[in-house]
Amino acid sequence: MENNPKMAITPKGLRYLLVGLIVMVSGYILMTGGGSKDPEVFNYAMFDFRRMVAAPLVIIMGIVIEIVAIMRVFKAKEDK
């Protein structure tokens, strides 16, 4: 096997991967909270728009960014 000095992912693709990861983590952060200190008391705050709609959409958007970052071929800048 030859030692290929080229990486499989370009710096631009790596930036997309990191952005997708940040977007997914922010979706999980949006999903946190809404609990109750007393287990006998039901808290309806866990069924609000942020946790039920916005957070899953943000997570799916992050997954799409990750798929694009992995599947798309980004051209590396060539040094002259």
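I will try to describe carefully the structure that is included in this document. Everything quoted here is computed from the prediction, not taken from an experiment.

### Quick notes on the packing of aromatic side chains
Summed over all chains, the structure comprises two aromatic pairs. The interplanar angle of 80° and the centroid separation of 4.8 Å between the aromatic rings of Phe 42 and Tyr 44 together place this pair among those described as edge-to-face. What makes Phe 42 partly exposed here is its relative accessible area of 46%. Judged by relative accessible area, which is 65%, Tyr 44 ranks as exposed. An aromatic cluster of three or more residues is present, and its members are Phe 42, Tyr 44 and Phe 47.

Rules behind the numbers
- Residues numbered from 1 in each chain as written.
- Predicted model: local features only at pLDDT ≥ 70, side-chain atom pairs only at ≥ 80, totals over all residues.
- Heavy atoms only, no water.
- Phe/Tyr/Trp six-rings, centres within 6.5 Å; stacked < 30°, edge-to-face > 60°.
- Buried < 20%, exposed > 50% of the residue type's maximum accessible area, 1.4 Å probe, protein only.

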